[in-house]
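# Structure assessment
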Amino acid sequence: MQKRFLITPGPTPVPPEVLSALSEPVIHHRAPRFTEILTQVVAGMKYVYQTENDIMVYAASGTGAMEAAVVNVVNPGDHVLVASVGNFGERWKKLNATWGAEVTALDYAWGTKAEPADIAKALAADPAIKAVFVQHSETSTGVVNDVKAIGEIVAGTPAILVVDAISGLGASDLKTDEWKVDVCVAGSQKALMVPPGLAYAAVSEKAWAVIAECRTPRFYFDFVAMRKKMTGDSAQTPYTPAVSLMVAQNVAIDLIREEGLQNVFERHRVLGKAAREGVKALGLELFAVEDPEANSVTAVKVPEGVDGGKIGKIARDKYGVWLAGGQGAVKGKIFRFGHCGYFGHSDIVVGLSTVEMVLAELGYDVRFGASVGAAEQVFMTSTVLL
Ligand SMILES: Cc1ncc(COP(=O)(O)O)c(C=O)c1O
């Protein structure tokens, strides 16, 4: 027997109440009870998204919602702008290129944020740009973009703003309506505390006008069909939904409501800070610009002389702890410590102590306990339950 821990930015640990809901007998998706659950999940997602916009829900991974966002707004040949700060920004580019868009890319060094002023300049230079695509939390680097500032800029143009909040929603503040986000996608397996398999999109009125003009062929991911079926007293999804995951999501949303969204964000802030202070106390360097709102994941540079490829393997095989490695261009050069969703101080302690033991085994000079001690000092300043 080995106890296992997911210290990754998705999938993330699932609370016992949610696991228990997953074991309930499956209900039929055309039954009134399912309509109740769907209605509650939609209301709950509006709370988490801080929106009055329409909520779409699909049986899909997060990338499904990203693709849905593209096929509902982009016609072949349309001009779009992608501000890419990492691996998932690259995914926005690939998806848009796949569906025939003319992509203008603003590429930023991984570990840095998108500059809202650059987006303003690009929109001014090409008034034909129809949509701007960015990440909220870029999971490959730990960076959280300034969606509020970007939203302000895009709202002043005819373009719509499409945000990937797959790892950020429910971890770092994101006021969908106030920040004028037109399509905002999310996934169940991060801060929403449910296993992988549900993908969401929140869609604004400004986006619906663009969707009405979009001719790109689509069927399963057609937002119009989804909205139609989800409206009214007998709301359903057009196709068979992931019933059990929806039941589980309903329970997970109750947990978020009980804690209170602002407290959820604050817990994440404290845990993110504890992770950052912990690794810094070991003399390690953070990969991304330091940011008190970087609440989902902490990316850490692999120190000189350490074989980065071995960190995750030893952590997993010897200690039962899953850490995430680097993706794409930074594979082997960074490792990532997740803290979004059902995370408390004990998870940070387990993660940091594992990092200490693994790095020591790989020849790095570790002062044992240093990272955990630094994290403890952060925990003690917390004003919310951890
Ligand atoms: C920011 C971000 N975007 C997109 C994705 C892709 O989601 P999925 O793997 O659920 O398709 C992820 C998943 O890690 C993510 O963190």
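Everything quoted here is computed from the prediction, not taken from an experiment. (Residues numbered from 1 in each chain as written. Predicted model: local features only at pLDDT ≥ 70, side-chain atom pairs only at ≥ 80, totals over all residues. Heavy atoms only, no water.)

### Some words on the nonpolar core
Counting 94 residues, the largest nonpolar core has Trp-92, Ile-119, Phe-133, Tyr-200 and Phe-223 as the members making the most contacts within it. Counting residues per element, this core draws most heavily on helix 9 (residues 243-259), which supplies nine residues. Both domain 1 (16-257) and domain 2 (260-379) contribute no fewer than three residues apiece to this core. For Tyr-200, the residues in contact, after removing those within four places along its chain, are Val-41, Met-45, Tyr-49, Ile-55, Met-56, Val-57, Ala-65, Cys-184, Val-185, Ala-186, Leu-192 and Gln-249. If you look at the next biggest cluster of nonpolar residues, it comprises 33 residues, including Ala-275, Leu-323, Tyr-364 and Val-366. (Core = buried A, V, L, I, M, F, W, Y, C linked by side-chain atoms within 4.5 Å. Buried < 20%, exposed > 50% of the residue type's maximum accessible area, 1.4 Å probe, protein only. Helix = DSSP H or I, 4+ residues; strand = E, 2+ residues; numbered from the N terminus. Domains from an automatic or database assignment. Contact = heavy atoms within 4.5 Å.)

### Quick word on the site of the ligand
If you check the shell around the ligand, you find 13 residues, and the closest are Ser-61, Thr-63, Thr-139, Asp-164 and Lys-190. In this structure, an oxygen atom belonging to the ligand sits 2.8 Å away from a main-chain N or O atom of Gly-62. A distance of 2.4 Å separates an oxygen atom of the ligand from a polar atom in the side chain of Thr-139. Against a free-state accessible area of 390 Å², the protein chains account for coverage of 86% of the ligand. Under a 2 Å grid-point criterion requiring more than half of the atoms, the pocket assigned to the ligand is the second largest pocket. At the level of secondary structure, the elements contributing two or more residues to the shell around the ligand comprise helix 3 (62-73) and helix 4 (87-98). In terms of residue count, the dominant contributor to the shell around the ligand is helix 3 (three residues). Split into classes, the residues belonging to the shell around the ligand amount to three nonpolar, seven polar and three charged. (Near = heavy atom within 4 Å. Polar contact = N/O pair within 3.5 Å; in protein donor to acceptor, adjacent residues only side chain to side chain. Areas by Shrake-Rupley, 256 points an atom, 1.4 Å probe, with all protein chains shown as cover. 1 Å grid on protein atoms, 1.4 Å probe; cavity = no way out; pocket = protein on both sides within 12 Å on 5 of 7 lines; lining within 4 Å. Sits in = over half its atoms within 2 Å of the grid points. Nonpolar A, V, L, I, M, F, W, Y, C, P; charged D, E, K, R; others polar.)

### Notes on the pattern of salt bridges
A side chain with one charge may pair with a side chain of the opposite charge, provided their charged atoms come close. The final tally for this structure, using the stated rule, is 21 salt bridges. Residues Arg-227 and Asp-54 are paired through a salt bridge, measuring 3.0 Å at the closest nitrogen-oxygen approach. Separated by 173 residues along the polypeptide, Arg-227 in helix 8 (residues 223-230) and Asp-54 in strand 2 (residues 54-59) bring together distant segments of the chain. For Asp-54, a relative accessible area of 22% corresponds to the partly exposed category. For Glu-277, the salt bridge goes to Lys-280, with nearest N and O atoms at 3.3 Å. A residue pair is termed a helical-turn pair when its members lie 3 or 4 positions apart in one helix, as Glu-277 and Lys-280 do in helix 10 (residues 261-281) at three residues. You can call Lys-280 partly exposed: its relative accessible area is 31%. A single network of salt bridges, built from pairs that share partners, joins Arg-276, Glu-277, Lys-280 and Glu-290. (Salt bridge = Lys/Arg side-chain N within 4 Å of Asp/Glu carboxyl O.)

### Focus: the domain arrangement of the protein chain
The domain architecture assigned to the protein chain consists of domain 1 (16-257) and domain 2 (260-379). Measuring from the centre of the C-alpha atoms in domain 1 to the corresponding centre in domain 2 gives 28 Å. Every contact between the two is made by 30 residues of domain 1 and, on the other side, 25 residues of domain 2. For the interface between domain 1 and domain 2, the tally reads one salt bridge.

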